[in-house]
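Here is what each chain is made of, one letter per residue.
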Amino acid sequence: MKTKLMNGSRNNDKHKRILDAAVKVFARNGFFNSKVAEIAKEANVADGTIYLYFKNKDDILISLFEYRMNQVISLLNDRMKGVDDPIEKVRIFINAHFELLEQHPNLAAVITLELRQSTKFMKEYDNQKFMDYLGILSDIIKDGTTKGIFRNDLSPGIIKRAFFGMMDELGLYYVLSSPNSQYSCRMMADQMTNFVLSALLKLNG
């Protein structure tokens, strides 16, 4: 998708600067109203430099999505290392989502609101990173079912999407209402965890 450049650290720094700048510009102006020249100015690079790393504005937006997915997948893998309890993994999964939402509100706004504005993303992108993310959740559900902790009448393929749909809707509410939201990310994470576990847990007797 993107041009490969030599001289790693310097080029990686420019790549990150461009992505950081894009987050600010997209969050401020919206995807459609943003120009590549504005991103270049925000990143303090020449306009042409952008095209050494990205094909176009849609490519930048997709790269932001992949960055976000890598960020959350890395956090989940790190926090779930050595954790065997599916219930605790559900808590970790939900908490990670809302923690990143709170820590990176501009990026969350871009991913939640602006990504849907990209026709290229919606129609052409293979979305493998997102499927990897959902795969972590599916594995948690399967593990809980195998261990007799979660109900066995639920399809992981359906539940993982319903699960994400709830988080996505709460994230949308947060980015649209912040900083005046009546619900904190902590409150949303706690209540969603309680709700999800009450639906997943196998009833005794």
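Residues numbered from 1 in each chain as written. Predicted model: local features only at pLDDT ≥ 70, side-chain atom pairs only at ≥ 80, totals over all residues. Heavy atoms only, no water.

### Description of the pattern of salt bridges
Part 1 of the argument: Inspection of the entire model under this criterion finds eight salt bridges.
Part 2 of the argument: For Arg79, the salt bridge is made with Glu99, and the minimal N-O distance between the two is 2.8 Å. Of the two residues, Arg79 is situated in helix H4 (residues 57-80) and Glu99 in helix H5 (residues 86-103); the sequence distance between them amounts to 20 residues.
Part 3 of the argument: You can call Arg79 partly exposed: its relative accessible area is 33%. (Salt bridge = Lys/Arg side-chain N within 4 Å of Asp/Glu carboxyl O. Helix = DSSP H or I, 4+ residues; strand = E, 2+ residues; numbered from the N terminus. Buried < 20%, exposed > 50% of the residue type's maximum accessible area, 1.4 Å probe, protein only.)

### Describing the nonpolar core
Part 1 of the argument: Counting residues in each nonpolar core, the largest one holds 63 residues, and the members touching the most others are Phe93 and Tyr133.
Part 2 of the argument: If you tally residues by element for this core, the top one is H4, at 10 residues.
Part 3 of the argument: Look past the residues within four positions of Tyr133 in its chain and what remains in contact with it is Met69, Val72, Ile73, Leu76, Phe93, His97, Phe164 and Met167. (Core = buried A, V, L, I, M, F, W, Y, C linked by side-chain atoms within 4.5 Å. Contact = heavy atoms within 4.5 Å.)

### Some remarks on unusual backbone geometry
Part 1 of the argument: Here Asn44, not a glycine, exhibits a phi torsion of approximately 60 degrees, which is positive.
Part 2 of the argument: For Asn44, a relative accessible area of 65% translates into the label exposed.

### Considerations on the packing of aromatic side chains
Part 1 of the argument: Under the defined criterion, the tally for this structure stands at nine aromatic pairs.
Part 2 of the argument: On the basis of an interplanar angle of 25 degrees and a centroid distance of 5.1 Å, the ring pair of Phe93 and Tyr133 is categorised as stacked. Of the two residues, Phe93 sits in helix H5 while Tyr133 sits in helix H8 (residues 128-146), which places them 40 residues apart along the sequence.
Part 3 of the argument: Residue Phe93 is classed as buried on the basis of its relative accessible area of 1%.
Part 4 of the argument: Assessed through its relative accessible area of 2%, Tyr133 is described here as buried.
Part 5 of the argument: Judged by centre distance (5.7 Å) and plane angle (45 degrees), the rings of Tyr173 and Tyr183 are tilted. Highlighted residues: Tyr173 in helix H9 (residues 156-177) and Tyr183 in the loop between H9 and helix H10 (185-200), separated in sequence by 10 residues.
Part 6 of the argument: The partly exposed category is assigned to Tyr183, whose relative accessible area is 35%.
Part 7 of the argument: In this structure an aromatic cluster arises from ring pairing among Phe93, Phe130, Tyr133, Phe163 and Phe164. (Phe/Tyr/Trp six-rings, centres within 6.5 Å; stacked < 30°, edge-to-face > 60°.)

By themselves, these are just geometric observations and shouldn't be taken as functional.
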